[in-house]
Amino acid sequence: VGFGKTTLVGEWVTAGERAVAWLSLDEGDNDPIRFLSYLVAALQTIAPSVGAGTLAAFQMLQPPSTESVMTSLLNEIAAIPDKFVLVLDDYHETDSKPVDHALAFLLEHLPSNMHLVIATREDPGLPLARLRARGQLTELRAADLRFTPAEAAEFLNHAMGLNLSDADVAAFEARTAGWIAGLQLA
């Protein structure tokens, strides 16, 4: 709440030159079929034919295994000619082992044309240690997003047009723990 994760990712992808598929998650996305359907829909914003087979598989009386569905989807993703970014925003809203399993499978077989960005308030149930060890993970944590006292002063006095003393700025920064939303509301 208030660290600016979504804003930061939005600014980053806007400044980039790659296509972006964006999926904002909520607690209803704990169902793996719903999650994967929305994932396909997000991907279809950059490659309209991707995932048609995946969606059709969900209509079968006996849907295939998650790994089978993900393998098919990964092959279609790999065929997208341009590099792109998939953003999963608010991943903390999901609390589902099957969704984590599907995403872990995606990460384990991530096509070279795709970058995955996960914005979350807590560590997801994914193989983060393995990704760190392989050098395949870049992390921005709360401490990286928190405003320093100097940044808080710059924001409050220049961006917000206030004329606060150093003591006032320090008090705001301390009370909000450097959260941009808290500083803005204050």
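Below you will find a few notes about this structure. In this text, all values refer to a predicted model and were calculated from it rather than measured experimentally.

### Considering the packing of aromatic side chains
Point 1. Tallying each qualifying case throughout the model produces one aromatic pair.
Point 2. Geometrically, the ring pair formed by phenylalanine 147 and phenylalanine 155 is edge-to-face, given 6.0 Å between the ring centres and 90° between the ring planes.
Point 3. A relative accessible area of 14% places phenylalanine 155 in the buried class.

### Here we look at unusual backbone geometry
Point 1. For aspartate 90, which is not glycine, the phi torsion reads 60° and is therefore positive.
Point 2. Structurally, aspartate 90 can be placed in the loop between β2 (84-89) and α5 (97-108).
Point 3. Positive phi values are uncommon outside glycine, yet alanine 177 reaches one of about 55°.
Point 4. With respect to the helices and strands, the residue alanine 177 is situated in the loop between α9 (166-176) and α10 (180-185).

### A look at the side chain of serine 96
Point 1. The topology assignment puts serine 96 in the loop between β2 and α5.
Point 2. A residue is classified by how much of its surface remains accessible, and serine 96, at 8% relative accessible area, is buried.
Point 3. Within the structure, serine 96 has its side chain in polar contact with the backbone oxygen of asparagine 30 (distance 2.9 Å).

### A short note on the sheet that holds β2
The strands that make up a sheet pair up through hydrogen bonds in the backbone, lying either parallel or antiparallel.
Point 1. If you walk across this open sheet you meet the three strands as β1-β2-β3, and the pairing is parallel. Each having just a single partner strand, β1 (19-24) and β3 (114-119) make up the two edges of the open sheet. This sheet shows a mean twist of 15° between the axes of neighbouring strands, independent of strand direction.
Point 2. Sheet analysis places β1 next to β2, joined by six bridges and oriented parallel. Considered in β2, the bridge of alanine 19 is made with phenylalanine 84.
Point 3. Where α5 meets the sheet, it contacts β2 and β3, and its direction lies at approximately 145° from that of β3.

### Comments concerning the pattern of salt bridges
Point 1. The final tally for this structure, using the stated rule, is seven salt bridges.
Point 2. When the shortest N-O distance is used, the salt bridge between glutamate 108 and arginine 130 registers 3.7 Å. Of this pair, glutamate 108 sits in helix α5 while arginine 130 sits in helix α6 (residues 128-133), placing them 22 residues apart in sequence.
Point 3. Judged by its relative accessible area of 43%, arginine 130 is partly exposed.
Point 4. Note that arginine 141 is salt-bridged to aspartate 123, the shortest N-O span being 2.8 Å. One end of the pair, arginine 141, is in the loop between α6 and α7 (142-145); the other, aspartate 123, is in the loop between β3 and α6, and 18 residues separate them in sequence.
Point 5. Here the salt bridges do not stand alone but share partners, grouping Asp123, Arg132, Glu139 and Arg141 into one network.

### Re the nonpolar core
Point 1. If you look at the biggest cluster of nonpolar residues, it comprises 34 residues, and the most contacted ones within it are Leu39, Leu43, Leu86 and Leu88.
Point 2. The set of elements that each furnish at least two residues to this core consists of β1, α2 (32-44), α4 (66-78), β2, α5, β3 and α6.
Point 3. With residues up to four places along the chain from it excluded, the contact list for leucine 39 reads Leu23, Leu73, Leu86 and Leu88.

### What about helix α1 (residues 5-15)?
Point 1. Residues of α1 that are buried: Lys5, Val9, Gly10 and Val13. Projected down its long axis, α1 carries its buried residues within an arc of 125°, all on one side. What points out from α1, more than 90 degrees from its buried face, is the exposed set Thr7, Glu11, Thr14 and Ala15.
Point 2. Residues of α1 that are buried in the fold lie against β1, β2, β3 and α7.

### What about the pairing of β3?
Point 1. Judged from the six bridges that link them, β2 and β3 form a sheet pairing that is parallel. Bridging across to β3, leucine 86 finds its partner in leucine 116.
Point 2. Once you follow β2 into α5 and on to β3, the crossover reads as right-handed.

What counts, and at which threshold
Residues numbered from 1 in each chain as written. Predicted model: local features only at pLDDT ≥ 70, side-chain atom pairs only at ≥ 80, totals over all residues. Heavy atoms only, no water. Phe/Tyr/Trp six-rings, centres within 6.5 Å; stacked < 30°, edge-to-face > 60°. Buried < 20%, exposed > 50% of the residue type's maximum accessible area, 1.4 Å probe, protein only. Helix = DSSP H or I, 4+ residues; strand = E, 2+ residues; numbered from the N terminus. Polar contact = N/O pair within 3.5 Å; in protein donor to acceptor, adjacent residues only side chain to side chain. Pairing = 2+ DSSP bridges. Axes fitted to C-alpha atoms, helices over the stretch in contact; angles between N-to-C directions. Contact = heavy atoms within 4.5 Å. Salt bridge = Lys/Arg side-chain N within 4 Å of Asp/Glu carboxyl O. Core = buried A, V, L, I, M, F, W, Y, C linked by side-chain atoms within 4.5 Å. Arc of directions from axis to C-beta. Right-handed = clockwise from strand over helix to strand, strands pointing away.

Remember that the coordinates give geometry; whether it matters functionally is a separate question.
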